Amino acid sequence: MSEFNNQSAGCTSDCSTCTSGCESSGITADSPTVTLTLDDDTEVTCAVLNIFAVNTNEYIALLPLDENGQSATGEVYLYRYLKSDNGDPALDNIEDDDEYMEAANAFNSLMEKLNFEENPLDGIVEGE
């Protein structure tokens, strides 16, 4: 389902001279990425925005990137984040609507706490 790597999230220049605006989303040249394989076998590279805990579960927020390493839609994917028995990271779909809303609300609160002056992720995760 996914392949974690530490490749660049798509930046091709020094942030001090870049005009892409990606720094406001938390994506940097050092941001790790995940390659997801969707149900239709389409592969999507996503920047890892954050891994966060809610109650006893951990979740991961992923920002899908286009071929230029930019967010084409601003959509954020939320998954349950797990570690396999041998310690490898793994993702699991959040099937329960209440659990999803709890994770989405926690992610939105996290974004607010990071004090983005102009949060590019506002309204992306429903449930506020």
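For clarity, every value in this text was computed on a predicted model and none was experimentally measured. (Residues numbered from 1 in each chain as written. Predicted model: local features only at pLDDT ≥ 70, side-chain atom pairs only at ≥ 80, totals over all residues. Heavy atoms only, no water.)

Here's the deal with the nonpolar core
Piece 1. Within the largest apolar cluster, 15 residues are counted, with the highest numbers of intra-cluster contacts made by L49, F52, Y59, A61, V76, L78 and F107.
Piece 2. Going through the elements one at a time, β3 (43–54), β4 (57–64) and α1 (97–113) are the ones with two or more residues in this core.
Piece 3. F52 has contacts with N57, E58, Y59, I60, A61, L78, A103, A106, F107 and L110, leaving out every residue within four places of it along the chain. (Core = buried A, V, L, I, M, F, W, Y, C linked by side-chain atoms within 4.5 Å. Buried < 20%, exposed > 50% of the residue type's maximum accessible area, 1.4 Å probe, protein only. Helix = DSSP H or I, 4+ residues; strand = E, 2+ residues; numbered from the N terminus. Contact = heavy atoms within 4.5 Å.)

Some points on the packing of aromatic side chains
Piece 1. Under the criterion given, the structure shown has 2 aromatic pairs.
Piece 2. Between F52 and Y59, the aromatic rings sit 6.0 Å apart at their centres with planes inclined by 35°, giving tilted as the arrangement. By the burial criterion, F52 is buried, and Y59 matches it.
Piece 3. On the basis of an interplanar angle of 35° and a centroid distance of 6.0 Å, the ring pair of F52 and F107 is categorised as tilted. Highlighted residues: F52 in strand β3 and F107 in helix α1, separated in sequence by 55 residues. The same class applies to F52 and to F107, which are both buried.
Piece 4. Among the aromatic residues, those joined into a ring-pair cluster are F52, Y59 and F107. (Phe/Tyr/Trp six-rings, centres within 6.5 Å; stacked < 30°, edge-to-face > 60°.)

Some thoughts on the confidence of the model for the protein
Piece 1. Summary statistics for the protein give a mean pLDDT of 75 and a share of 66% for residues scoring 70 or more.
Piece 2. The secondary-structure element of the protein with the lowest mean pLDDT is strand β1 (residues 2–5), recorded at 48, while strand β5 (residues 77–83) shows the highest, at 95.
Piece 3. Low pLDDT, under 50, characterises residues 1–25; the stretch is placed with 52 contacts to residues that sit more than four places away or in other chains.
Piece 4. Every residue in residues 123–128 is under pLDDT 50, and counting partners more than four places away or in other chains gives 16 contacts. (pLDDT = per-residue confidence, 0-100.)

What to know about α1
Piece 1. Helix length check: α1 (17 residues) gives 24 Å between terminal C-alpha atoms against 24 Å at 1.5 Å per residue, within 8%.
Piece 2. When α1 is considered as a whole, its buried residues turn out to be E99, A103, A104, F107, N108 and M111.
Piece 3. Elements in contact with the buried residues of α1: β3, β4 and β5.
Piece 4. Where α1 begins, one side-chain oxygen reaches toward the backbone nitrogen of D98, 3.2 Å away; that side chain belongs to D96. (Expected span 1.5 Å × (residues − 1). Polar contact = N/O pair within 3.5 Å; in protein donor to acceptor, adjacent residues only side chain to side chain.)

Some words on the environment of Y81
Piece 1. Locating Y81 in the fold gives a position in strand β5.
Piece 2. Look at Y81 and you get buried, because its relative accessible area is 10%.
Piece 3. Taking the C-alpha atoms as reference, Y81 lies 9.3 Å from A61; in sequence the two are 20 residues apart.

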